[in-house]
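The residues making up each chain are set out below.
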Amino acid sequence: MRVLGVDPGLTRCGVGVVEGVAGRPLTMLGVGVVRTPADADTAERLVAVEAGLEAWLDEHRPEVVAVERVFSQHNVRTVMGTAQASAVAMLCAARRGIPVVLHTPSEVKAAVTGSGRADKAQVGAMVTRLLRLAEPPRPADAADALALAICHIWRAPAVSRLQQALAQHASAAKGRTR
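Figured I'd write up the structure that's included with this text. If you're wondering where the values come from, they're calculated on a predicted model, not measured in any experiment.

Rules of the game
Residues numbered from 1 in each chain as written. Predicted model: local features only at pLDDT ≥ 70, side-chain atom pairs only at ≥ 80, totals over all residues. Heavy atoms only, no water. Helix = DSSP H or I, 4+ residues; strand = E, 2+ residues; numbered from the N terminus. Rg over C-alpha atoms; globule rule 2.2 N^0.38 Å. Buried < 20%, exposed > 50% of the residue type's maximum accessible area, 1.4 Å probe, protein only. Contact = heavy atoms within 4.5 Å. Areas by Shrake-Rupley, 256 points an atom, 1.4 Å probe, with all protein chains shown as cover. Lys, Arg positive; Asp, Glu negative; His and termini not counted. Charge placed at Lys NZ, Arg CZ, Asp CG, Glu CD. Pairing = 2+ DSSP bridges. Axes fitted to C-alpha atoms, helices over the stretch in contact; angles between N-to-C directions. Parallel < 35°, antiparallel > 145°, perpendicular 65-115°, else oblique. Left-handed = near helix turned anticlockwise from the far one by under 90°. Arc of directions from axis to C-beta.

Looking at the overall build of the chain
A tally of regular secondary structure across the chain gives five helices and five strands. Put simply, the chain runs from its N terminus to its C terminus through helices and strands in the order β-β-β-α-β-α-β-α-α-α. Computed over its C-alpha atoms, the radius of gyration of the chain comes to 17 Å, within 12% of the 16 Å expected for a compact globule of 178 residues. Within the chain, the proportion of its 178 residues that are buried is 40%. Sequence-distant contacts, at least 24 apart, represent 63% of the contacts inside the chain between residues at least 6 apart. Surface summary for the chain: the accessible area is close to 9,700 Å², and the carbon and sulfur share equals 54%. Placing the 21 positive and 16 negative side-chain charges of the chain at their respective mean positions leaves the two points 11 Å apart.

Looking at the environment of A118
Turning to its location among the elements, A118 is positioned in the loop between α3 (105-113) and α4 (120-130). Non-local contacts of A118, meaning those with residues more than four positions away in its chain, are made with K109, T113 and V123.

A closer look at the sheet that holds strand β3 (residues 27-35)
Strand pairing in a sheet takes place through backbone hydrogen bonds and is either antiparallel or parallel in direction. Spatial strand order, β3-β2-β1-β4-β5: five strands in an open sheet with mixed pairing. The sheet is open, and its two borders are formed by β3 and β5 (100-103), each paired with just one other strand. Strand-to-strand, the axes of this sheet are offset by a mean angle of 20°, without reference to chain direction. As defined by bridge partners, strand β2 (residues 12-19) adjoins β3 across eight bridges and the pair is classed as antiparallel. Paired with V15 across the two strands is G32, which belongs to β3.

A closer look at the packing of helix α1 (residues 42-60) against helix α2 (residues 76-95)
The contact between α1 and α2 brings their axes to 9 Å, and the two run at 40°. In terms of axis orientation, α1 runs oblique to α2. Taken as a pair, α1 and α2 cross one another with a handedness that is right-handed. Across from T42, L46, V49, E50, L53, E54 and L57 in α1, the residues of α2 making contact are Q84, A85, V88, A89, C92, A93 and R95.

Details of α3
Within the span of α3, buried status applies to P105, E107, V108 and V112. All buried residues of α3 lie within an arc of 160° about the axis, which places them on one face of the element.

Take a look at the structure:
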């Protein structure tokens, strides 16, 4: 499975591509950051994020796009920019028919480090170790994007089994009510 992880942001939108399957060593295919100038108009920044993400999608052809789920912060302005960049990532993937999955920051941290309260340094260290890199990806947004991709690869089999079980249950329940 090839996953593009996206750590959304207007100034720095982390992107990382990981390939592999749960239970086997994973391979990083690319990592970086789509940057926009902080003094540019929001609409222009969103267009720049879209162009950057489209280039990553063209180059790496992921099967899934994993985006960090926006969570409530005290700074509404930061939340808005993150949510807008997140929507752009989802739109770019959906336009191409690529499935989009959302993972919370604590879910990603728990998957990669074993603790949902891990700090950025711990996430970067584990991403480095899991992908057998010489050094942690910089900035932290890039490491976070790789962590999102890793999280999804590891969780996808369980999520798929759960969805199948729920579908079977719904189908059986529907058959009983007829």
